[in-house]
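The chain contents come next:
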Amino acid sequence: MDALMNALMAIGLLVILVLVIYLIDRVNTIEKETRQVLSNVQQQSTAPLTPLPFLGLSSKKLWDSMTGRSDTSLDPLALFDLQGPYQVVLSKHVEALYREGFKDSQRGMAGEPKNTRQITTSAGTVESWIPPAQASAIYQCGVQAAQTPEANWGPLRNALDEAGHYLYSKAQLDISSPLSEWLMPDDSGLKADATGTV
């Protein structure tokens, strides 16, 4: 009987010893993981924060912020500073739509343009959005310009300038010259200047 009790006590002590070793190993593992997490947090907090291009806004949210219809509480000064880079984005978007319409018409395959487009600037790449009606109007000006003799571009220039005026005034941007002056230049005016006649 004493031998049985001694054997049970030895087994019990052995089980307790194994449990103690296991628990010590688990505590060490948890401590190592905690140190790794803390060092990662410290590295992230000391890493310099790189500002997001266009305040992290893109597509319709960017348009809404630039047109004063933003739901977010963005710093008005930061939005004001964003006007210059946004003007580049809007200009590139408008030019790309017009040129796409022109090329599609030359290929004989005009369609409906997308009103969103990835635009690359020195500030970064951003998805630009403009209202569908203006996107379609600008694209159609390109389509029709490819099919119309330059002498008859007057109504197309007016339509292009109207769409551009709407976009730039909504975004509270100053358009230095009508869109038609740089997208649909008048060759006859250039020729007159070159010959010295008016």
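These lines cover the structure that appears in this document, whether it is placed above or below. Predicted, not measured: the structure shown is a model, and the values here were computed from it.

Some details on the packing of helix H4 (residues 83–107) against helix H5 (residues 132–147)
Point 1. Taken N-terminus to C-terminus, the directions of H4 and H5 make an angle of 40°; their axes are 7 Å apart at the nearest point. As summarised for this structure, H4 and H5 are arranged oblique, according to the angle between their axes. H4 and H5 meet at a crossing whose hand is right-handed. Within the contact between the two elements, H4 uses Val 94, Leu 97, Tyr 98, Glu 100, Gly 101, Phe 102, Asp 104, Ser 105 and Gln 106 and H5 uses Ala 135, Ile 138, Tyr 139, Cys 141, Gly 142, Val 143, Ala 145, Ala 146 and Gln 147.
Point 2. Split into classes, the residues belonging to the contact of H4 with H5 amount to eleven nonpolar, five polar and two charged.

Some thoughts on helix H6 (residues 154–170)
Point 1. Taking 1.5 Å of rise per residue, 17 residues should cover 24 Å, and H6 covers 24 Å from first to last C-alpha, within 8% of that figure.
Point 2. All buried positions along H6 are accounted for by Leu 156, Arg 157, Leu 160, Ala 163, Gly 164, Leu 167 and Tyr 168. For H6, the arc enclosing every buried residue in end-on projection is 135°, short of the 170-degree limit, so these residues lie on one face. Every exposed residue of H6 that faces more than 90 degrees away from the buried side is listed here: Pro 155, Asn 158, Glu 162 and His 165.
Point 3. On the buried face of H6, the contacting elements are helix H2 (59–66), H4, H5 and helix H7 (179–183).
Point 4. Phi for Gln 172, located one or two positions after H6, is positive at around 60°.

Definitions and cut-offs
Residues numbered from 1 in each chain as written. Predicted model: local features only at pLDDT ≥ 70, side-chain atom pairs only at ≥ 80, totals over all residues. Heavy atoms only, no water. Axes fitted to C-alpha atoms, helices over the stretch in contact; angles between N-to-C directions. Helix = DSSP H or I, 4+ residues; strand = E, 2+ residues; numbered from the N terminus. Parallel < 35°, antiparallel > 145°, perpendicular 65-115°, else oblique. Left-handed = near helix turned anticlockwise from the far one by under 90°. Contact = heavy atoms within 4.5 Å. Nonpolar A, V, L, I, M, F, W, Y, C, P; charged D, E, K, R; others polar. Expected span 1.5 Å × (residues − 1). Buried < 20%, exposed > 50% of the residue type's maximum accessible area, 1.4 Å probe, protein only. Arc of directions from axis to C-beta.

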